[in-house]
Every structure is written in structure tokens, then in C-alpha cells.
Amino acid sequence: MILPMVMIYGLFEILMLLCFATAWPFSIYKLYKSGSNQGKSIVFSYVVLLGYVFGMTNKVINNDVNYVLAFYILDFVLVSLDMVMYYRNVRRQKE
């Protein structure tokens, strides 16, 4: 049976965003527990964050605001939390 178009609209975009979202909690936890930024690239995080901003902007500009936007926001928040942990560790390492 073929799913109605309404159900599959955005499905693959959501799956992509969920795949990306699965990695961030592990990174956040590692940064929190270790207190170290070793191996972490803050530039990479900024590029990823910018990519999510572009994705959300695309949704708004193209008048395509739907439930998929919530997954962009989720990923944006996760990357932002990861960056907060990074800067927390920078501050702690200076002390």
C-alpha cells in the first residue's frame, strides 16, 4: 500500500535531520563529562549551525513551513547546546 502523499511529504528530510540529531547528544555528553575539547572543532559546529539556519530560512522563504521545521529547530538546539559545552570547557580550562 502506498502511503498518502501528506504522510510522506518531508519524510526523508525528517529522517535526514533525525540521523544528524542522533550524534549530538553523545557529543554533548562527552564534552560535559570529560571537560575537554580535544578533537572538537568549533568551526565545524558553526558551519553545521549555519546549515540549519539556511534550511529553516529556506522553509520560510518558500512558504513551506510545516512540521519538518520542528526537526530543524531540534537539531539547531542540539548543536547550540554542544557549542555551549565547548565554551564552558574553554572557560574551565583557562581557570
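Placed above this text is the structure.
Summarised in this report is the structure supplied together with it. Computed from a predicted structure; not experimentally measured.

Conventions and cut-offs
Position labels on residues start from 1 in each chain and follow its written sequence. Restriction of local features to residues with pLDDT of at least 70 applies here, the model being predicted, together with a cutoff of 80 or more for giving and counting side-chain atom pairs; totals for whole chains, interfaces and linings are based on all residues. Calculated side-chain values reflect all of the structure's heavy atoms, with hydrogen atoms and water omitted. Secondary structure elements follow DSSP: runs of H or I no shorter than four residues count as helices, runs of E no shorter than two count as strands, and numbering proceeds from the N terminus. The atom set for the radius of gyration is the C-alpha atoms, and the globule formula is 2.2 Å times the number of residues raised to the power 0.38. Buried, partly exposed and exposed residues are distinguished by accessible area as a fraction of the type maximum, computed with a 1.4 Å probe on protein chains only: under 20%, between the cut-offs, and over 50%, respectively. Whenever Lys or Arg places a side-chain nitrogen within 4 Å of a carboxyl oxygen from Asp or Glu, that contact is recorded as a salt bridge. Axis definition: a line fitted to C-alpha atoms, over the contacting stretch in the case of helices. Angles run 0 to 180 degrees between N-to-C directions. When an angle is under 35 degrees it counts as roughly parallel; over 145 it counts as roughly antiparallel; between 65 and 115 it counts as roughly perpendicular; any other value is oblique. For any pair of crossing helices, the crossing counts as left-handed if the nearer helix is rotated counterclockwise from the farther one by less than a right angle, and right-handed if it is rotated clockwise. We call Asp, Glu, Lys and Arg charged. Ala, Val, Leu, Ile, Met, Phe, Trp, Tyr, Cys and Pro are nonpolar, and the rest, Gly among them, are polar. Helix span, as expected, comes to 1.5 Å for every residue beyond the first. It only takes one pair of heavy atoms within 4.5 Å for two residues to be counted as in contact.

Digging into the overall build of the protein chain
For step 1, the next point in the chain: Secondary structure summary: the protein chain contains four helices and zero strands in total.
For step 2, the next point in the chain: Counting helices and strands in the order they occur from the N terminus, the protein chain gives α-α-α-α.
For step 3, the next point in the chain: In summary, the protein chain has a C-alpha radius of gyration of 16 Å against a globular reference of 12 Å for 95 residues, an excess of more than 25%.
For step 4, the next point in the chain: Principal axes of the C-alpha set define a box for the protein chain whose edges measure 60 × 30 × 15 Å.
For step 5, the next point in the chain: Relative to its full complement of 95 residues, the protein chain shows a buried share of 32%.

Overview of unusual backbone geometry
For step 1, the next point in the chain: Positive phi, normally seen in glycine, also occurs at Asn63, with a value near 50°.
For step 2, the next point in the chain: Considering the arrangement of structural elements, one finds Asn63 in the loop between helix H3 (42–61) and helix H4 (68–94).
For step 3, the next point in the chain: Among the residues examined, Asn63 registers a relative accessible area of 69% and is labelled exposed.

Section: the pattern of salt bridges
For step 1, the next point in the chain: Under the definition given, this model contains four salt bridges.
For step 2, the next point in the chain: When the shortest N-O distance is used, the salt bridge between Glu13 and Lys59 registers 3.0 Å. Here Glu13 is found in helix H2 (residues 11–34), whereas its partner Lys59 is found in helix H3, with 46 residues between them in sequence.
For step 3, the next point in the chain: A relative accessible area of 25% places Glu13 in the partly exposed class.
For step 4, the next point in the chain: Note that Asp82 is salt-bridged to Lys40, the shortest N-O span being 2.3 Å. One end of the pair, Asp82, is in helix H4; the other, Lys40, is in the loop between H2 and H3, and 42 residues separate them in sequence.
For step 5, the next point in the chain: According to the relative accessible area criterion, Asp82 is buried, its value standing at 0%.
For step 6, the next point in the chain: The class for Lys40 is partly exposed, based on a relative accessible area of 21%.
For step 7, the next point in the chain: Beyond isolated ion pairs, a larger network of salt bridges with shared partners links Glu13, Lys59 and Asp64.

Focus on the packing of H2 against H4
For step 1, the next point in the chain: Close contact between H2 and H4 brings their axes to 9 Å; oriented N to C, the two are set at 20°. Regarding the angle of H2 to H4, the classification is roughly parallel. H2 and H4 meet at a crossing whose hand is left-handed.
For step 2, the next point in the chain: Of the residues in the contact of H2 with H4, the class split is 20 nonpolar, two polar and four charged.

Brief notes about H2
For step 1, the next point in the chain: An ideal rise of 1.5 Å per residue puts 34 Å on 24 residues; H2 measures up with 36 Å between its terminal C-alpha atoms.
For step 2, the next point in the chain: Along H2, the positions that sit buried rather than exposed are Ile14, Leu17, Ala21, Trp24, Ser27, Ile28 and Leu31.
For step 3, the next point in the chain: Lining the buried residues of H2 we find H3 and H4.
For step 4, the next point in the chain: In the segment just after H2, Gly35 is the residue with positive phi, at about 70°.

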